[in-house]
Structure formats: structure tokens, C-alpha cells
Amino acid sequence: MSLVEETGGGLDGLGQLRALMRSGRKPGIMVSLDLDFIEIEAGRAVFAGVPGDHAYNPIGTVHGGYAATLLDSACGCAVHSRLSAGQGYTTLELKVAYHRPITRDTGLVRAEGRVQTQGRRVAFAEATLADAQGRVYATATSTLLVFDLEAGAPRKA
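In this text the structure is predicted, and so the values were computed from the model without any measurement.

How each quantity is defined
Residues numbered from 1 in each chain as written. Predicted model: local features only at pLDDT ≥ 70, side-chain atom pairs only at ≥ 80, totals over all residues. Heavy atoms only, no water. UniProt positions renumbered as here; feature names shortened; annotations may be inferred. Helix = DSSP H or I, 4+ residues; strand = E, 2+ residues; numbered from the N terminus. Phe/Tyr/Trp six-rings, centres within 6.5 Å; stacked < 30°, edge-to-face > 60°. Buried < 20%, exposed > 50% of the residue type's maximum accessible area, 1.4 Å probe, protein only. Lys NZ or Arg CZ within 6 Å of the ring centre and 35° of its normal. Pairing = 2+ DSSP bridges.

With that out of the way, let us pick up the UniProt feature "domain: Thioesterase" (unreviewed entry) in the protein. In the numbering used here, UniProt assigns the feature "domain: Thioesterase" (unreviewed entry) to residues 60-136. Overall, residues 60-136 shows 22% helix and 43% strand. The separation of its end C-alpha atoms is 19 Å.

A few words now on the packing of aromatic side chains. Given two aromatic rings, one states the distance between the centres and the angle between the planes to describe the pair. A complete count under the given rule lists one aromatic pair for this structure. Look at F37 and F47: their rings are 4.4 Å apart centre to centre, the planes differ by 0°, and that puts the pair in the stacked class. In this pair, F37 sits in strand β1 (residues 35-41) while F47 sits in strand β2 (residues 44-49), placing the two residues ten residues apart along the sequence. According to the relative accessible area criterion, F37 is buried, its value standing at 13%. One Lys or Arg, R104, reaches over the ring of Y56 and ends 4.2 Å from the middle of that ring.

Of the strand pairs in this sheet, strand β4 (residues 109-118) and strand β5 (residues 122-131) are connected by nine bridges, and their pairing is antiparallel. If you follow T117 over to β5, its bridge partner there is F124. Hairpin connection between β4 and β5: a loop of three residues separates the two successive antiparallel strands. Strand direction decides the pairing type here: β5 and strand β6 (residues 136-148), joined by nine bridges, are antiparallel. Within β6, the residue paired with E126 across the bridge is T141. Joining the antiparallel neighbours β5 and β6 is a turn of four residues, in which G134 adopts a positive phi near 85°.

The following block contains the structure:
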């Protein structure tokens, strides 16, 4: 059983994500990268983190995967928030543009994702990763597949 099903089984996507946030539980990726899921509403999701040594690459900056994870999470959960109880999703494509390097001195960064359009089978979302002063560090566009869940099938969250 997925964490989303454990905390919000039977609810629509927005209800599931609100229940997950209320539970205080985090999926493993958020624990590993020390990320927080901080806001959710229909079609919009926000994640945040403070980059540190745990996210560094060998060239002395925060690994691009840190930004990509925040952006993918924001896009995915924005779409998830608009699903019915019987639907799931998965990312088909994520395009990330890196605008400036992130370091341990950057401080808190927030990824805000928004659904641009959502159809019966495909959704398009975009997200921006910025610091507390509003400086943009990365942006992303995402294409997501929306599908009907089979009983007992895993759900991405």
C-alpha cells in the first residue's frame, strides 16, 4: 500500500494530499533530501527545502537532481490534486532549465507547481524554483499521463 493510500485512501487527489500533509509523514525521497510539502490547493502545489551538503555534487554546487526533484514533485502533486479517487498519474517528461547555481548559502528554496491544462489522459504543468527573495534558480515544464487505477495498483505521489 502506498503512503497516499495509507493516509487518504478513498479520497480524491486533493483530499489525499491534504490527508498526507496532516499526517506529518513523508515519502522516502523527501526524507533523503530533507524536503517539505508545504501547500496544496486544486491545481497548485508547493514544496520547499534548504539545500546543504547532503545535496552537493563533486563540482561544489547542489546537484541538479535536487532542483529537478522539487520541480517534479510540485508539477506532479499539482496534477494529483485534480484527480478523482479512481485515477493515478505518472510523469512522462520533465524539462528543467537551470538559471543559476544553488549552493548551501542559497537558503530556503520553494518550488511552486501549477497545472496548465489537464485532459482525460494527459496533463501539462509547470513549476518555478525560487529563493526567499524571489530569485529564480530553475524552471520546469512537465507532461504527465493520467490513468484509471486498477484495484490494488500502486499510485505515484
